Each structure stands twice: as C-alpha cells, then as structure tokens.
Amino acid sequence: MRSEHARDAGYSRTVTPAQSFPEPTDTSAIRIIGRFEAGRGIPEAMRADVRMLGALLGQVLRESGGDDLFEDVERLRLATIQAYDEETSDAFERAAAIAESFSVARADEVARAFTCYFHLVNLAEEHQRVRVLRERAGQPGREDAADTVATAYALLKTEVGDEEARRRLEGLRFHPVFTAHPTEARRRAVSSSIRRLSELLTQHDAASEGGAEEHRARRRMLEEIDTLWRTAPLRSQKPSPTDEVRTVMGVFDETLFTTVPHVYRRIDDALRGDESGASAPVVPAFVRIGSWVGGDRDGNPFVTASVTREASQIASDHVLRGLERALERIGRTLTLDAEDTPPSAAVDALWDRFAAADPGLATELDKRSPGEPHRRLLLALARRVAATRSGEESLRYASPYDLLEDLRAVQSSLADAGAHRHAFGGVQHLIWQVETYGFHLTELEVRQHSQVHAKALSELESGEAPSAQTEEVLEVFRAIADIQRDRGLRAAGRYVVSFTQAASDLAAVHRLARHALGDAAPVLDVVPLFETFADLQAAPAILAEAVTFPEFRARMAATGNRLEVMLGYSDSSKDVGPVAANLALYEAQEKIALWARESGIELTLFHGRGGALGRGGGPANSAILAQPPHSVDGRFKLTEQGEVIFARYGEPAIAMRHIDQVAAATLLASSPTVEQRTSAAAARFADIASVMDAASRERFFSLVKADGFAPWFATVTPLEEIGLLALGSRPARRGLSVESLEDLRAIPWVFAWTQARINLAGWFGLGTALDAVGDETLLSEAYREWPLLRTLIDNVAMSLAKTDERIARQYLALGDRDDLAQLVLDELELTREWVIRLTGGERLLENKPILQRAVQLRTPYVDALSLLQLRALRALRADATGSGADAEQQRLLLLSVSGVAAGLQNTG
C-alpha cells in the first residue's frame, strides 16, 4: 500500500494507502502492486513511515492471529488492487468472492485489520504534513499569496492603504463552534492510541539511525499498534452529553490552549520581523471558540439544563487550570532583579493587596523570589486564578477582565523598566490567552427548535399546568443566567432558534426568558437559524421585522448594532438538493448582507457546515473567497464537528496552519478585488444560475419525492444499522421509522450514502443542471471566472472521485426499485461526464493530479471494506423476515462502517 503527500494549501485528508504489510514474495503479487503503484511518487520519508508502520501491523497480525490471518488479509488486499487496476468484471467478482469466502469471524478480523491500517496511514499522512509544515516555516516565499494572514494583509494594504488595512486586521474574527454531532466513528480510546503513536513516530524521527532510542521507539510503537489492534473498535454504549464535553476538552488541553497564541505570534513575526516581541503586537486576539456540546438540545432529550451547567463548569475548570499553569511557567522565568528591572507603582500596589489578602503565601513567595518583584507577582496571580477555580472568595477574580488588567499592569511595568522582550513575549502570550478564552474557554451556545418554544408558550399562556418539557425549557434560561453570573456574558448567551420561520419564533425566546426569571432574565443574543429552502428565501423579511422588537433593539444598541444570523447547509441540501441549496444559500447571504449594510447593522453570518460535501463541507478558505460581497467583512463563524474537529485542531502544527489559512481568506474576502470579481461573476452568470436551480431541483425531486423513496433508501444503504452505532448522544432520526425524508436528520442522510459509496448527497442534480445549460463554452468560462460555480464543481469532483460505481450497483441492487436505481446511476454518469468536461482531462481530478493519485491509491482498500459490508448487509436484509438479525453479521457491518469512515475521512 502506498501514500502521497498532497499540496499543503488544499491538503486532502483523503490520503493514500501505501503498502500495509511486508511486501509478499509471490511474483504475481509483486507485479500487481508494482503495476498499480507505478509512477505514483511518494515522499521518501512518508514511504518509510508507512512501510515501518505496516510492517509492525503485519507483525501484530501474525502474532495475534497467525500466518493464516495475515495471508487472508493479503489475499483480499491484492484482489481489490487488481480489480481496481484492471477495471474488469472478472477481477471484481474474484475480490467479492474472497470477501464472501471468509467465515463471519474471519471477516470480522479482516475488517479490523483494514481499519487499523487506515488509522496508521492517516497517522503517517498527518506526520508527513507536519514535517512539511515545519520545513516550510522558515521559507515564507513558498507560501501562496492568500494562504497566510501576513500575505493577505500585504495584498490588502496595496488595495485599501495602510490605515484601512490595519483597521480591518483589528476587526478580524474567526469563530469556530464545536458541536457534538455524531460523525466521529472512531472511539476516544482509538484516538488516544493514535495520538501516542504520533508522539512515538516523532521520537523515532529524532533518534539516531540504528541507535538504542530508535530501537526503543520501534518497540513501543509495536506495543501501541498491538493495543490499537486489541482495543474494541466499537463503543459498547452511546456517550452521554458530558462524555462528549470531555472529549472536546481534550482538543483544548492538547492543542488549542497553547497553539492559538502561537498563531498570533507567528503572524506578528511575519508582519513586523525583529520588532515582534519587542513592542506591542499589531495582531489582535482574533479567535473565539464556541461550543454546542452540552448546549444543543434540538432533538436531543439528554441535553438538560443541568448538563448545560456542567458543560460550562467543565470548560471553565479546564481553562482556569491552563491559565494557572501558564502563569506559573512564565512567572518562574521572570527572575529579573529589581535593581535592573524596577517594578512600577501599579505592580507594587498589586503585590501589597495580595499580601494583605494572603500574608502567609506572600511571605513564602517573597522568600522564593527575593528581589524579583515581577516573578513573585505572576506567581501570586497564578494563586488567584487557582482561588477562582476553587471559589475562594478572598482571592478569586470576579471576572477575566480583572486578570487582564493585572497582566497589563505587569506588561507596562516591564516595558517601562526596559524589559521589552519579557513584556511583549511571555506576558503577551498570557494576555492573548485570557483575551481569547476568558474564564469560560468556550462560548457555550444553546439551541432549541422553534416548535418546542411554541408548545411551551402555549402551555404557559393558557393557564394550564406546564409539562415537564416546558419546565425544562424554563430551567435552561435559569442555567444561562447562573453561567453569566459566574463566568461573564461571553460564557453563555447566544440562543440559536432552529427552524426559524417567522419573526415571532425569535420573540418567543425573550417571552420564555421572562416567564422563567422576570426582570432577572439573562442577557440573550437570539440567533435565527434558517434551514430550509423556503426559510432562506424568507430570511430578509423575517430579520427586518425581528430588529424592530424592543429586546432586539436594546441588545443591538448595547453591542454596536451587531446581529448574528445562522444558515443551515444540511437541511437545505436535503430539502432541494446540493445545487439548488448552494445557489439559495448564496442568494440568501447576498440579500441579508445588503439589508444589513443598508440598515447600518454589523452582520455576522454563522455557517452551519458539516464535514461532508453534502452538508456544506470542503475546503473552508475557497468557500470563504466565494461568498457574496459584504457577507464576510472580516468575520467568519462556522460549525466544526465530528472527525473534522480532530483533523483540523488535533495536531498543533496543523491547527496553526488551518487557523492561519481561514483567517487569511476571511481578511482577503472583503478586499475590493475579490468582492468585485465575485459580484461581477454572479451578475454575469445569473441566467445560468437560474437554469441550474430549476433543473437540479426538478431532478432531485424526481428521486426523493418518488413514492416509496424513503424506505427504498433505508434498504439500499446501511441507514438503519448506522443508527445502531454508538456515535453520539443525539438520536439519529426524529421518529421510530423512516417513512419520509422529513423523519431523517441530515447527518445519517449523508453518512448512509457515503457508506454505500454513492455520495449522492454531494452531487445529485448537478449533471442535469449543467446539461440544461448545455453551452460548454459558456460553462467553461463560468467555471474559470465564477468562484461559486468553481467551488461547487471542484467539491463535486472530489465527491465523485470517492464514489465507486461497481460497489454502488451492489448496494442499489439490495432494493426492489430498478427505476430509482437507474435514475441514480444515470445522474451519476451525466454528472461525472460534465465535471470532467469542465475541469479538463479524461478522468476526475486531472486538474489536481496529486489529489487524484491520493484518491486512486486509497480506493481499492476502501473497496475491500465495502465488500465485507455488502456481504453483511445482504445477510441482514435476507434475514429481515426471519427470526431476527444475526448479531455476528450486524457486528461485521458496524465494523466495516467504522473502517470505511476511517478510509474516506469524511462521513457526515
């Protein structure tokens, strides 16, 4: 199995199998592998990593299951390579026959082996990416112009001048919101094992070749891969909402808390060179982290007010511990003598107040830091942060702003004394951390469905006794008020209303808050979420009415006329298909942005994007640069969920690169050149958009509105079985069965099509839409000049590249609707044909050859897992009218779902 490094700027997580186990000695096997991998260059360092990890996995398989297991895995692996390479029905049937020949127990082991392999290849790819990022760190000339904030800022200055560019940089905001939506198929234990392997791989890189440390690292990697193999790949039970909170906290503890200040510093370094760290930075703390984990109760009865309180408490505990450790670490380094670096009067006054509050500790710190006033004060501030966490009234901080004031006093004292490198080095990092995270870490957001609010108000205003659900709705507002009192307004206060269909849906939130607490209601920023096609079209009128409400007017007056609006990508795509949804989202943003600009409102659009293309996924920076004029204006907020959280933020170097790229695109999106290009293209190709919209919707409706579509969909995909995976606390569907598309949540809609290797949610209707336009010359021109169309087609090309028609036909054959199956296959062929014609070449992704090779190399190994999944699904479907589902077949299917998710890297 082989892998390939893709370009950094649009680096695909869709990597590349390389040889998973030691290369067989059979000459025919060597010939198959050699022919398949011919001409596909792989960075030598990564080739070595994959060979080593694959060899260690092979050793584990031999030790655990004997040579027979190893050979069975190899037989299927070589057969799927040959089937993919030769593209003949005979070769595919041979691979399918091998998958069918295994006993269920053996198929289980083979599926686990391929899944372990994908985890190791994903690790090797991530490690290679980090290696390349570190190599490039000292070579800024190799970066693309729009890839970093520093280069984007330089471009912006040439267009708008120094003063305006500086103003825009100061207003920059990147606001990812982590959600607990169930799209992370691997267990936390598996993720932890992979993280330990990553650390060992780094140690192996640093060790001398052939030395004791290299041997030790290999031995420990072998042990860790054995752990990975022996760890149950499936969760035994669904995680609770609190479990989900703690899982997300791992990203902060391991990466984000320390990484975000390094992002600020790297940008400041690039902008100011040697001056960075010697004077006040020009880069603001532009990152804010939001969270729905423990706050999103829409469709999740397990998220209660008590869970929301606990989620906030857990996050606060993590950030306060982090700040305490950071203050102690930096404080211990400030061994600056008072003679050379005298403290300011403000620092002396701070110390005196602390000594009066805790004379015992003050005496101890004085002894430990004689003549080192700045050191002892930072250690005292660490003690006050600890008191804040424990609730010790005499020393605790009332708010993070008080800590910021103290840190700025220390910074000013150091700068006045000439210690500029300390003032604007370590102390500045502390200031950035407090500005970014406060005492809350994540800005916890509540989400609830508008119908739940309507039902609660109906009960409360009818005089009848409120139901348990309504009491819970009211308790949520009390929880928000408690969190704001303890941790400040930023800790909680945004309230997202799902399925906002009228301005009254937004007013209902304030009415309920008054029912809960009267005049003591919490401060609320009520955020409408427009999800369906009709709601997106109605959004401007709804907003125009909402901002006339007294509560909205008062809040906007207090925040500088700011307003936040959320757009749902998932349900709009499921509602009208991906093409019409993308066009509707663009139009809605354009109209909302125009209305906000004319009304003097500072608008932030909140993008409810998923990881998969059918839910708004794809490269974020290209999507940002394709947004309508004034819809970004230096502020970008989006949801991040499931496997995407760990892929983008789980490794420090990758997290830094991702934040820098997205922030750069956010800054550049508002440049005159980008806005003029986008608006001119949208106007010029408006007729094309109109034709594509109507044609794609008609085609999409012909499928999803066909009689019996929903149960057919549940039959030809592992939809029902996906619901058995213990992925998250939230139920996968709204009812007990799937009788219509409305019963189904957007995530399993996408996940199920992905598992069936059809990926329909990401592309269906595009071929018909392009064919309705028909003019290839005009469409090619639109693809080159219209960022929205280019982004859409490029994303569809990736989605189509991950489909496999031979595998898809096997899934579609599970149903009894040949008409629907043929409709899917016809649209697949038409869409592929048009995408290739517009992007160039004879195959998908030929305009992105590195990415194309990566997908091609990975596909046969995913095919192996798909064949195992199909045999299990056939057995379960055949038993549908029998004595009950076969537990072994069900387990095999769930194992294969986990493995395919690991192989494809984006699920829902």
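Residues numbered from 1 in each chain as written. Predicted model: local features only at pLDDT ≥ 70, side-chain atom pairs only at ≥ 80, totals over all residues. Heavy atoms only, no water.

Asker: Any chance you could explain the overall build of the chain here in plain terms?
Answerer: Within the chain, the regular secondary structure consists of 38 helices and eight strands. Looking at the chain residue by residue over its 908 residues, the buried ones come to 62%. Sequence separation of at least 24 residues holds for 81% of the intrachain contacts in the chain that already meet a minimum separation of 6. Of the roughly 33,500 Å² that the chain leaves accessible, carbon and sulfur atoms contribute 49%. (Helix = DSSP H or I, 4+ residues; strand = E, 2+ residues; numbered from the N terminus. Buried < 20%, exposed > 50% of the residue type's maximum accessible area, 1.4 Å probe, protein only. Contact = heavy atoms within 4.5 Å. Areas by Shrake-Rupley, 256 points an atom, 1.4 Å probe, with all protein chains shown as cover.)

Asker: What am I meant to see in helix H14 (residues 400–416) here?
Answerer: Because an α-helix completes one turn every 3.6 residues, residues spaced three or four positions apart along the sequence face the same direction. The end-to-end C-alpha distance of H14 is 24 Å, a good match for the 24 Å that 17 residues give at a rise of 1.5 Å each. Inspection of H14 places Pro400, Leu403, Leu404, Asp406, Leu407, Ala409, Val410, Gln411, Ser413, Leu414 and Ala415 among the buried residues, and these make up the whole buried set. In this structure, the buried residues of H14 make contact with helix H10 (305–333), helix H11 (345–357), helix H13 (373–390), helix H15 (420–423) and helix H16 (426–437). Following H14 by one or two positions, Gly418 adopts a phi angle in the positive range, close to 95°. (Expected span 1.5 Å × (residues − 1).)

Asker: Is there a simple way to think about the packing of aromatic side chains in this case?
Answerer: For any pair of aromatic rings, the description consists of the separation of the ring centres together with the inter-plane angle of the planes. Summed over all chains, the structure comprises 23 aromatic pairs. Judged by centre distance (5.9 Å) and plane angle (85°), the rings of Trp749 and Trp753 are edge-to-face. Taken together, the residues span about one helical turn, with Trp749 and Trp753 both in helix H31 (residues 746–755) at a distance of four residues. Classification of Trp749 as buried rests on a relative accessible area of 2%. (Phe/Tyr/Trp six-rings, centres within 6.5 Å; stacked < 30°, edge-to-face > 60°.)

Asker: I would appreciate a short explanation of the nonpolar core in the present structure.
Answerer: Side chains of a nonpolar character, in soluble globular proteins, are inclined to be buried together. Core analysis: the largest hydrophobic core is formed by 148 residues, its most contacted members being Leu256 and Phe286. Among the elements that line this core, the one with the most residues is helix H9 (residues 241–272), at eleven residues. Once you skip the residues sitting within four places of it in the chain, Leu256 turns out to touch Phe178, Val251, Pro261, Ile289, Tyr437, Tyr649 and Ile659. Within the second largest apolar cluster, 130 residues are counted, among which are Met46, Trp712, Ala864 and Leu892. (Core = buried A, V, L, I, M, F, W, Y, C linked by side-chain atoms within 4.5 Å.)

Asker: Help me understand the environment of Gln810 in this model?
Answerer: Here Gln810 shows up in helix H35 (residues 805–812). Between the C-alpha atoms of Gln810 and Val716, which are 94 residues apart in sequence, the distance is 8.8 Å. Ignoring sequence-local partners within four residues, the contact set of Gln810 consists of Phe92, Leu870 and Arg874. At 2.7 Å, the side chain of Gln810 forms a polar contact with the side chain of Arg874. (Polar contact = N/O pair within 3.5 Å; in protein donor to acceptor, adjacent residues only side chain to side chain.)

Asker: Where do I start with unusual backbone geometry in this structure?
Answerer: Leave glycine aside and you will find that most residues have negative phi; peptide bonds, for their part, are mostly trans. Phi is positive for Phe499, which is not a glycine, with a value near 50°. Of note, Asp633 is a non-glycine position whose phi angle comes to about 50°, a positive value. As for its placement among the helices and strands, Asp633 is situated in the loop between helix H24 (620–625) and strand E8 (635–641).

Asker: Can you walk me through the layout of surface pockets in this structure?
Answerer: Summary: where empty space remains is shown by rolling a probe the size of a single water molecule over the atoms. In this structure, the second largest pocket encloses a volume near 1,200 Å³. Arg173, Arg562, Glu602, Thr604 and Arg635 are the residues nearest the centre of the second largest pocket, which is lined by 46 residues in total. Along the lines of polarity and charge, the residues of the lining of the second largest pocket split into 15 nonpolar, eleven polar and 20 charged. (1 Å grid on protein atoms, 1.4 Å probe; cavity = no way out; pocket = protein on both sides within 12 Å on 5 of 7 lines; lining within 4 Å. Points joined across faces, edges and corners; volume = space filled by probe spheres on them. Nonpolar A, V, L, I, M, F, W, Y, C, P; charged D, E, K, R; others polar.)

Asker: Can you walk me through the pattern of salt bridges in this structure?
Answerer: Two side chains bearing opposite charge may form a pair once their charged atoms approach each other closely. Applying the stated rule across the entire model yields 62 salt bridges. With a shortest N-O distance of 2.9 Å, Glu459 and Lys455 are connected by a salt bridge. Residue Glu459 and its partner Lys455 are both found in helix H17 (residues 450–462); the two are separated by four residues, about one turn of the helix. Among the residues examined, Lys455 registers a relative accessible area of 42% and is labelled partly exposed. Linking Lys591 and Glu587 is a salt bridge whose minimum nitrogen-to-oxygen distance equals 2.9 Å. Of this pair, Lys591 and Glu587 both sit in helix H23 (residues 578–598), four residues apart, roughly one helical turn. A residue is classified by how much of its surface remains accessible, and Lys591, at 42% relative accessible area, is partly exposed. Judged by relative accessible area, which is 33%, Glu587 ranks as partly exposed. Salt bridges sharing common partners tie together Arg309, Glu475, Arg478, Asp482, Arg485 and Asp486. (Salt bridge = Lys/Arg side-chain N within 4 Å of Asp/Glu carboxyl O.)

Asker: Looking at this structure, how should I read the packing of helix H28 (residues 686–704) against helix H32 (residues 766–773)?
Answerer: If you want to describe how two helices pack, look at the angle between their axes and the distance between the axes. At a minimum axis distance of 8 Å, the contact between H28 and H32 shows a crossing angle of 135°. With respect to each other, H28 and H32 are oriented oblique. Judged by the sense of rotation from one axis to the other, the crossing of H28 with H32 is right-handed. Listed contacts from H32 to Ile688, Val691, Met692, Ala695, Ser696 and Arg699 of H28 are Leu766, Thr768, Ala769, Leu770, Ala772 and Val773. Within the contact of H28 with H32, the residues separate by chemical class into nine nonpolar, two polar and one charged. (Axes fitted to C-alpha atoms, helices over the stretch in contact; angles between N-to-C directions. Parallel < 35°, antiparallel > 145°, perpendicular 65-115°, else oblique. Left-handed = near helix turned anticlockwise from the far one by under 90°.)

Asker: Just checking my understanding: could you explain the side chain of Thr148 for this structure?
Answerer: Residue position: Thr148 is located in the loop between helix H4 (104–136) and helix H5 (149–160). On the accessibility criterion, Thr148 (9% relative accessible area) is buried. Among the polar contacts made by the side chain of Thr148, one reaches the side chain of Thr151 at a distance of 2.7 Å.

Asker: Explain the sheet that holds strand E5 (residues 525–530) here, please?
Answerer: Through backbone hydrogen bonds, the strands of a sheet pair up, either in parallel or in antiparallel fashion. Strand order in the closed barrel made by the eight strands is E1-E2-E3-E4-E5-E6-E7-E8, with parallel pairing throughout. Relative to E8, strand E7 (residues 602–608) runs parallel, the two sharing two bridges. Considered in E8, the bridge of His607 is made with Leu638. Sheet strands in contact with helix H18 (residues 468–487) are strand E3 (443–449) and strand E4 (492–498), and its direction is about 150° off that of E4. (Pairing = 2+ DSSP bridges.)

Asker: What is the right way to read the pairing of strand E6 (residues 562–568) from this model?
Answerer: On a regular strand, one side chain projects to one face of the sheet and the next to the other, so that they alternate. With six of its seven residues buried, E6 lies for the most part within the structure. Sheet topology places E5 next to E6; two bridges connect them, and they run parallel. Residue pairing for E6: Leu529 is matched across the bridge by Met566. Looking at chain direction, E6 and E7 are connected through seven bridges and run parallel. Paired with Glu564 across the bridge in E7 is Thr604.

Asker: Would you take a moment to explain helix H27 (residues 672–684) for this structure?
Answerer: Here H27 spans 18 Å end to end across 13 residues, near enough to the 18 Å set by a 1.5 Å rise per residue. Considered for burial, the residues of H27 that qualify are Val674, Glu675, Thr678, Ala681 and Ala682. Taken down its axis, H27 places every buried residue within 140° of arc, on the same side. Seen from the open side of H27, the exposed residues pointing more than 90 degrees away from its buried face are Gln676 and Ala683. Turning to H27, the residues buried within the fold contact H23, H24, helix H26 (652–668), H28, helix H33 (776–785) and helix H34 (787–801). (Arc of directions from axis to C-beta.)

Bear in mind that shape data such as this cannot, by itself, settle questions of function.
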